[in-house]
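One-letter residues, chain by chain:
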Amino acid sequence: MRLPLGLAIVALSFFWTALSTPPATCQEPGLGNPQAQPPPPRPARNSGMATGGAHAPIRDSKSRPITAGGFVDGAPVVFIDITKEAGLDKFHHRSGGSEKSTIIDAPGSGVALLDYDNDGWLDIYLLNGSTVPSIKGQERPPRAMLFHNYHDGTFTDVTDKAGVANERWKAGVANERWGFGVAVADYDNDGWPDIYVANYGKNRLYHNNHDGTFTDVAEKAGVTLGGWSTGPTWG
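Scope of this entry: the structure provided in the associated data block. (Residues numbered from 1 in each chain as written. Predicted model: local features only at pLDDT ≥ 70, side-chain atom pairs only at ≥ 80, totals over all residues. Heavy atoms only, no water.)

Digging into the overall build of the chain
Here is step 1 of the chain: Along its length, the chain carries 5 helices and 10 strands.
Here is step 2 of the chain: Counting the 235 residues in the chain, one finds 31% classified as buried.
Here is step 3 of the chain: Accessible surface, the chain as shown: approximately 15,900 Å² in total, 59% of it carbon and sulfur. (Helix = DSSP H or I, 4+ residues; strand = E, 2+ residues; numbered from the N terminus. Buried < 20%, exposed > 50% of the residue type's maximum accessible area, 1.4 Å probe, protein only. Areas by Shrake-Rupley, 256 points an atom, 1.4 Å probe, with all protein chains shown as cover.)

With respect to the sheet that holds strand β8 (residues 194-199)
Here is step 1 of the chain: Ordered in space as β7-β8-β9-β10, the 4 strands form an open sheet in which the pairing is antiparallel. On the outer flanks of this sheet lie β7 (179-185) and β10 (214-216), each paired with one strand and no other. Averaged over all pairs of adjacent strands, the angle between strand axes in this sheet comes to 20 degrees, irrespective of strand direction.
Here is step 2 of the chain: Pairing geometry for β7 and β8, over 6 bridges, is antiparallel. (Pairing = 2+ DSSP bridges. Axes fitted to C-alpha atoms, helices over the stretch in contact; angles between N-to-C directions.)

Let's talk about the sheet that holds strand β6 (residues 155-157)
Here is step 1 of the chain: Read across the open sheet, the 4 strands follow the order β3-β4-β5-β6; overall the sheet is antiparallel. One side of each edge strand has no neighbouring strand; the edge strands of this open sheet are β3 (110-114) and β6. Taken over all neighbouring pairs, the strand axes of this sheet differ in orientation by 20 degrees on average, direction set aside.
Here is step 2 of the chain: Note that β3 and strand β4 (residues 123-127) share 5 bridges and pair antiparallel. Residue Leu 114 lies in a different strand from β4, and its bridge partner there is Asp 123.

Quick word on the side chain of Arg 204
Here is step 1 of the chain: One can find Arg 204 in strand β9 (residues 204-208).
Here is step 2 of the chain: Of the polar contacts made by the side chain of Arg 204, one reaches the side chain of Asn 166; its length is 2.8 Å.
Here is step 3 of the chain: There is a polar contact of 3.2 Å between the side chain of Arg 204 and the side chain of Tyr 206. (Polar contact = N/O pair within 3.5 Å; in protein donor to acceptor, adjacent residues only side chain to side chain.)

Printed below as a string of structure tokens:
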């Protein structure tokens, strides 16, 4: 079907007008034309978060900043390694071999701060990893260590007395203990913190005996699990 020349020109003109006219926008009453509003300014590069700025530190009565990362008496806050002076250098972390040939070689271990003897001072429990040879019973496995706080900035190794080394060593016998996490809680509500250790192998639940020692009751409590456990928590 052919259209008369005049009608075709009118149709083409209408089609071109429709294409060149911007679409109508919907807006709520009183908001004005949203297209007329300029876009929000872009934050400058390397300026940090655009929602906040620098804030002056909060100072105490002696004009010392008390905000994290501030200054004390005009000097920068610094940390000094006092591991040896505190008596914590006996612990040597080990998790896997240097070649890291298996997935369990890479992660491992954990730390818990707990007042295991209820003297009001935090003690330190350092969980250790292990090695494939020790898992196979070919070498002595690394030990976890419990350090008692002496209230003077020093700690003493009380692992053997407490019985929380997380090892079972006998030459030629698989160790089956590779620490992958530790969580502390008073699971039986007796007022003393207990320790749960997640292992590659059977897990441990160390019950606090209130006398500086612990007893592994994981089998009795039914929480040994086996396999590979990591990241324990209480809830």
